[in-house]
Amino acid sequence: MASIALQPSMPCECVASDFCKPTDPSKACCVWRLEVGPVTDAVREILARTEKQTANALSRYA
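Description of the structure in this document. This is a predicted model, so every value here is computed, not measured.

Right, let's get into the overall build of the protein chain. In terms of regular secondary structure, the protein chain is built from one helix and zero strands. Taking 11 Å as the expected radius of gyration for a compact globule of 62 residues, we find that the protein chain reaches 17 Å, considerably beyond that expectation. Along the longest, intermediate and shortest principal axes, the C-alpha atoms of the protein chain span 55 × 20 × 15 Å. Per-residue burial over the protein chain gives 11% buried out of 62 residues. A sequence separation of at least 24 residues applies to 47% of the contacts in the protein chain between residues at least 6 apart. Summing over all exposed atoms, the protein chain offers an accessible surface of approximately 5,400 Å²; the carbon and sulfur share of this is 58%. Seen as two clouds, the 7 positive and the 7 negative side-chain charges of the protein chain have centres 8 Å apart.

Below, the discussion takes up the pattern of salt bridges. A side chain of one charge can pair with a side chain of the opposite charge when the charged atoms of the two come close. Tallied over the entire structure, the rule returns one salt bridge. A salt bridge links Glu45 to Arg49; the shortest N-O distance between them is 3.0 Å. Here Glu45 pairs with Arg49, and both are found in helix H1 (residues 36-61), just four residues apart, close to one helical turn.

With that out of the way, let us pick up the environment of Arg33. Mapped onto the elements, Arg33 comes out in the segment before H1. When its relative accessible area of 33% is taken as the criterion, Arg33 is described as partly exposed.

With that settled, the discussion passes to the environment of Cys12. Turning to its location among the elements, Cys12 is positioned in the segment before H1. C-alpha separation for the pair Cys12 and Lys27, spaced 15 residues apart in sequence, amounts to 14 Å. When near neighbours in sequence (up to four residues on either side) are disregarded, Cys12 contacts Cys30 and Arg33.

Moving on: a nonpolar patch on the surface. Residues Ile4, Leu6, Val39, Val43 and Leu47 make up a contiguous nonpolar surface patch of roughly 380 Å² in combined accessible area. Counting through the fold element by element, Val43 comes out in helix H1. Residue classification places Val43 among the partly exposed residues on the basis of a relative accessible area of 44%.

Calculation criteria
- Residues numbered from 1 in each chain as written.
- Predicted model: local features only at pLDDT ≥ 70, side-chain atom pairs only at ≥ 80, totals over all residues.
- Heavy atoms only, no water.
- Helix = DSSP H or I, 4+ residues; strand = E, 2+ residues; numbered from the N terminus.
- Rg over C-alpha atoms; globule rule 2.2 N^0.38 Å.
- Buried < 20%, exposed > 50% of the residue type's maximum accessible area, 1.4 Å probe, protein only.
- Contact = heavy atoms within 4.5 Å.
- Areas by Shrake-Rupley, 256 points an atom, 1.4 Å probe, with all protein chains shown as cover.
- Lys, Arg positive; Asp, Glu negative; His and termini not counted.
- Charge placed at Lys NZ, Arg CZ, Asp CG, Glu CD.
- Salt bridge = Lys/Arg side-chain N within 4 Å of Asp/Glu carboxyl O.
- Patch = residues over 30% accessible without salt bridge, like charges linked within 9 Å, V, L, I, M, F, W, Y side chains within 5 Å.

Geometric descriptors of this kind do not, in isolation, establish any biological role.
Laid out in structure tokens, this is it:
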């Protein structure tokens, strides 16, 4: 499985110190500051890698 790690510039000025839990990605407010462009690029890269892996796997059985 492929992955790409993204993070906003650090250190972060906490926007929700009463909610933010840096050790829990679903409650880390810093990720809310990620810009759309890098996230979109990462998704496209993962899809391209997955497509290539799928094509390679299928070619072995053709």
